[in-house]
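So the chains spell out like this:
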Amino acid sequence: MASASASLGALLDAAARGVFPPPDGSTTVVPQAGHRDAGVIAFTAHSVVFTDEDPEWVRSTLASLDCDPLAATMSARFHSAFLDRTGRTSDTIDLLTVAAASPGAPDPLLGLRELDDPDHPRVTRARKRRDDVRVWASTGGGVLVIGRGVAGRWETAIEVEENTRHRGLGRALASAARHLIPEGDMVWAQQSPGNARSVRAFQAAGYRPVGSEALFFAR
């Protein structure tokens with residue numbers, strides 16, 4: 001099991017460029033970039049655990065699990081042990097995707113308007129887990145959120161009203177997010193693997209899968 005001197009931000013920046021940790025079956029342990037976010041990112045045959053807990057505890061806990069070593073960091077038993085030790089909470093294991101900024105403005109046909117005081121449930125959730133959150137609504141019944149998430153990376157999330165689904169709005173909103181971040185930057189998005197519509201929308205908008213991610217949030 002490896003322990004890297006690289007920061008979580010550096011590992012994410014490299015992965016966004018297509019440069020991944022070696023697929024050697026090992027686990028890298030790095031400090032959290034901030035108090036709010038701890039967790040695990042599983043790349044191909046290499047995991048990154050970001051935590052301020054003792055790395056030796058991480059190593060010994062993973063070694064004690066009765067499962068495939070390649071699956072250990074994403075196993076329910078490891079996550080349960082982590083949450084019990086830290087008092088944190090979690091939601092789900094997400095597919096982690098990333099895309100580069102696109103030049104120019106979003107498609108004007110979306111009719112995006114920025115909201116100053118939104119109360120949409122997705123926006124409320126985003127403000128608990130991201131900084132510098134900005135929110136846009138589209139005339140077609142969608143919401144687009146962008147903020148600074150894990151290690152300061154740009155993150156986006158979208159919501160499409162049920163009665164406007166299956167018309168390409170999700171893909172258009174995901175594409176719009178690429179126009180709303182600074183030129184030269186990358187934007188990240190997490191999708192629950194079971195939410196097939198969201199997975200398809202982001203991949204159709206040019207977001208590349210890079211791994212899976214489980215976040216452990218401070219209560």
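A brief look at the structure comes next. Being a predicted model, the structure only gives us computed values, none of them experimental.

Calculation criteria
Residues numbered from 1 in each chain as written. Predicted model: local features only at pLDDT ≥ 70, side-chain atom pairs only at ≥ 80, totals over all residues. Heavy atoms only, no water. Salt bridge = Lys/Arg side-chain N within 4 Å of Asp/Glu carboxyl O. Helix = DSSP H or I, 4+ residues; strand = E, 2+ residues; numbered from the N terminus. Buried < 20%, exposed > 50% of the residue type's maximum accessible area, 1.4 Å probe, protein only. Core = buried A, V, L, I, M, F, W, Y, C linked by side-chain atoms within 4.5 Å. Contact = heavy atoms within 4.5 Å. Phe/Tyr/Trp six-rings, centres within 6.5 Å; stacked < 30°, edge-to-face > 60°. Arc of directions from axis to C-beta.

### Re the pattern of salt bridges
(1) Moving on: This structure, assessed with the given rule, holds 9 salt bridges.
(2) Moving on: Residue Arg134 pairs with Glu114 through a salt bridge whose shortest N-O separation is 2.8 Å. Placement of the pair is Arg134 in strand E6 (residues 131-137) and Glu114 in strand E5 (residues 113-115), with a sequence separation of 20 residues.
(3) Moving on: A relative accessible area of 38% means that Glu114 is categorised as partly exposed.
(4) Moving on: One salt bridge in this structure joins Glu155 and Arg153, with 2.6 Å as the shortest N-O distance.

### What about the nonpolar core?
(1) Moving on: Within the largest apolar cluster, 20 residues are counted, with the highest numbers of intra-cluster contacts made by Leu144, Ile146, Leu173, Ile181, Val187, Phe202 and Tyr207.
(2) Moving on: If you list the elements that add at least two residues to this core, you get strand E7 (142-148), strand E8 (154-160), helix H5 (169-179) and strand E9 (186-191).
(3) Moving on: Tallying contributions element by element places H5 first for this core, with 5 residues.
(4) Moving on: Setting aside its immediate chain neighbours within four residues, Val187 contacts Thr97, Val98, Ala99, Trp154, Glu155, Thr156, Arg178, Ile181 and Tyr207.

### Section: the packing of aromatic side chains
(1) Moving on: What the rule picks out here adds up to 6 aromatic pairs.
(2) Moving on: Aromatic side chains Trp57 and Phe82 sit 6.0 Å apart centroid to centroid with 65° between the ring planes, which places their arrangement in the edge-to-face category. With a gap of 25 residues between them, Trp57 in helix H2 (residues 55-63) and Phe82 in helix H3 (residues 76-86) connect regions that are remote in the sequence. Take Trp57 and Phe82: they sit in the same class, and that class is buried.
(3) Moving on: With 4.6 Å between their ring centres and 35° between their planes, Phe82 and Phe216 make a pair best called tilted.

### Overview of H3
(1) Moving on: Every buried residue belonging to H3 is among Phe78, His79, Phe82 and Leu83, and all of these are buried. Down the axis of H3, the sector holding all buried residues measures 130°, keeping them to one side. For H3, the exposed residues lying more than 90 degrees away from the buried face are Ala76, Arg77 and Asp84.
(2) Moving on: Looking at the buried residues of H3, the elements they touch are strand E2 (37-43), H2, strand E4 (89-100) and strand E10 (208-217).
(3) Moving on: Two residues or fewer after H3 comes Gly87, characterised by a positive phi angle close to 75°.

Such coordinate-based values are descriptive only and should not be taken to indicate function.
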